[in-house]
Each structure stands twice: as structure tokens, then as C-alpha cells.
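Listed here are the chains, written in short residue letters.
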Amino acid sequence: ELVAFRMAKGDLGEWKGTGVTTGIWAGIPAGLDYEISETVEWSADRTKLLNSHQFKTKAGEILSTGAGFVTFDARRGGFYSSGSGYDGGKLYTGFSRLVGLKGDLEVWTYTESIGGKTYTVRRTTRWVSDTEKVVTHEREGDSSTADVMRMTKVVKGRGKVASSSLQDFYEFCDLFEGRWMRDVILIADWPGVGLSRGEQLTGYDSFTKQLDGELLQWRSSVGESDFTAIFHWDSGSSTIQFTAYNSSGAMHHAKGWKAGEGHYTFNLDRAFERDG
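Residues numbered from 1 in each chain as written. Predicted model: local features only at pLDDT ≥ 70, side-chain atom pairs only at ≥ 80, totals over all residues. Heavy atoms only, no water.

Once that is clear, we can look at the sheet that holds strand S14 (residues 225-234). Spatial strand order, S11-S12-S13-S14-S15-S16-S17: seven strands in an open sheet with antiparallel pairing. A strand with exactly one partner marks an edge of an open sheet, and here the two such strands are strand S11 (178-185) and strand S17 (263-272). Across the sheet, the axes of successive neighbouring strands diverge by a mean angle of 25 degrees, strand direction being ignored. As defined by bridge partners, strand S16 (residues 251-260) adjoins S17 across nine bridges and the pair is classed as antiparallel. Bridge pairing in S17 links Lys 258 to Tyr 264. (Pairing = 2+ DSSP bridges. Helix = DSSP H or I, 4+ residues; strand = E, 2+ residues; numbered from the N terminus. Axes fitted to C-alpha atoms, helices over the stretch in contact; angles between N-to-C directions.)

In C-alpha cells form, the structure reads like this:
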């Protein structure tokens, strides 16, 4: 349930954010503007979610650095996390327990030990969108120390894609389902089909949900060629993916994401003709 929740929120990847220290952490003084970077990824055997973080001042001074993991403990019947690192140069160790998931919220209790002190913090993460989340830490019994981090997903360079939720995929299927007609002007020669750059033709397309809505099939006939593609949501990367084949021998694959209301963007990452 937790993994499905995290995947639907697009949590895997790199996040960055800002905040102001409040004194909630025993090893970090209050009143400092800080920047935070956080990474969430799978372990090699896909049994744990690994996380690492670094807080630093705008001048570049390291306030906190550490790493840990989240896993399911079948014996205790719940999700737990442990981690360690350094706050202000002092070693800390921490242990967390998942309290619950509800709507866009994920809640944990976290107990930390550092420099002979032990205290408990409630951590609440609220996902605003697939690329924005707000993380609030509040010391048990002292709401005045609440620390609020506003985090944004990092998407790096060409070839990298943003993420989308399973619900985004369902909305995509709803938008496209049905029959379509399109006017085409070729911007390049089309090998295997016998069409040349600049030619105009009409295409007829149908989009049909398959397997109770978990796949969307695209069938098309353009000129003398037939085309088919399958769209699905990939939980490993939290992207909408599709693989397409043409009777000319062409094949291509793309990853996509919701870029706005009614707006989906795809990044073509592989394409070739029959002859390579």
C-alpha cells in the first residue's frame, strides 16, 4: 500500500526545497535559512526505499547530512525506517514508524538520539502535485518548533522526464478513448510506406481501453500503412509509456507525463526502421 502510494505520487527521484530552522533538531540552531536536497530510490533488491538528504545554509555551510531506508517488517506488521548522519557535526541516529496514509497525506513518528538527548517528532508529508510536496516536522508536545519544508521535484536535462500518477493515466485514457480523424502533412520521407516529405493525407485512429482500463490501444490507418500502439502506466518510473509498431517495420517507444490540465507531453527515447 505504501509503495503504491509513493509511486502514485511520483516520489522516486531528487527533490530540493527551502526553509528556516526552528530549533526542532537538537543539533541545528534556530533562525537559519537553509536549502535541502533529498533523494529517494529503490534498493538493488527492491525491498527497501532508500533516502538521503543534505541541509546547508545559503552560504554553503553543511547543517545536516544523512541517509536511511524504509522497509516493511512482517513480524510487526508495519512500515519502519531507520537512519543516521550528522547534525552540526554531531552523530545522530533515528527510528521511524508509519502512522498512516490518508488522501494526499503520509504521517510518521520519528525518534532521534543525539548528544545524549532523545526526543520524538511527528513528520507529515502532503503532496500538492507530482512535482511538489510540503514536509512538516513538529516536536511532540511543542507545536512552536514546527519546521515546514517546501519541496520541488528535480527534472534534469534533455531525456529526463517528469512523473505522473496512475490517476493521470486514467484521465489520459478518458480523453483519448474513441475514434479520431487527423490531417497529416509529412515533414520527412516515410521509408517503407512510399510517401514523401510534403505529401498530405488523412489518418483514421481509434483508441480503445483494454484489460479493464489498464491499457489503452491505439490503432491507425494512414495511407497504405497500419499502425498499432499500447499505452500503459509504469509504476517503476511513474510515467505513462507507449510502444508502437508500423506495418512498414518501424518501431518506437516513448515516456510521457501530464504537463497540465488536458496537456500531456511525450519524450521519444527509441525509434528505428526495419533496416535499423
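That was the structure; now back to the text.
This part is about empty space enclosed by the protein. This structure, assessed with the given rule, holds one cavity of 30 Å³ or more. The space that makes up the largest cavity amounts to roughly 690 Å³. If you trace the largest cavity, you find 37 residues lining it, with Glu 38, Asn 51, His 53, Arg 123 and His 137 closest to the centre. Partitioned by chemical class, the residues of the lining of the largest cavity number 15 nonpolar, 14 polar and eight charged. (1 Å grid on protein atoms, 1.4 Å probe; cavity = no way out; pocket = protein on both sides within 12 Å on 5 of 7 lines; lining within 4 Å. Points joined across faces, edges and corners; volume = space filled by probe spheres on them. Nonpolar A, V, L, I, M, F, W, Y, C, P; charged D, E, K, R; others polar.)

A word on the pairing of S14. Of the two faces of S14, the one holding Ser 225, Phe 227, Ala 229, Phe 231 and Trp 233 is buried and the one holding Asp 226, Thr 228, Ile 230, His 232 and Asp 234 is not buried anywhere. Where strand S13 (residues 215-222) lies against S14, seven bridges are found, and the strand directions are antiparallel. By the bridge assignment, Gln 217 is partnered in S14 with Ile 230. Here S14 runs beside strand S15 (residues 239-246); their pairing, made up of eight bridges, is antiparallel. Note on S15: the bridge partner recorded for Phe 231 is Phe 242. Here S14 folds back onto S15 in antiparallel fashion, the turn holding four residues, of which Ser 238 has a positive phi close to 55 degrees. (Buried < 20%, exposed > 50% of the residue type's maximum accessible area, 1.4 Å probe, protein only.)

Let's shift gears to the packing of aromatic side chains. Each pair of aromatic rings is reported with the distance of its centres and the angle of its planes. All told, the structure shown has 19 aromatic pairs when counted by the stated rule. Ring geometry for Phe 172 versus Phe 176: centroids 4.8 Å apart, planes at 40 degrees, classification tilted. You can see Phe 172 and its partner Phe 176 sitting in helix H2 (residues 166-176), four residues apart, about one turn around the helix. Given a relative accessible area of 2%, Phe 172 falls into the buried group. Here Phe 176 falls in the partly exposed class, since its relative accessible area comes to 29%. For the ring pair Phe 231 and Phe 242, a centre distance of 4.7 Å and an interplane angle of 25 degrees mean the geometry is stacked. One end of the pair, Phe 231, is in strand S14; the other, Phe 242, is in strand S15, with 11 residues separating them in the sequence. Residue class for Phe 242 comes out buried when judged on its relative accessible area of 9%. Ring-pair connections join several aromatic residues into one group, and the members of that group are Phe 172, Phe 176, Trp 180, Phe 207, Trp 218, Phe 227, Phe 231, Phe 242, Tyr 264 and Phe 266. When the ring centre of Trp 15 is taken as reference, the NZ or CZ atom of Lys 133 above it lies at 4.3 Å. (Phe/Tyr/Trp six-rings, centres within 6.5 Å; stacked < 30°, edge-to-face > 60°. Lys NZ or Arg CZ within 6 Å of the ring centre and 35° of its normal.)

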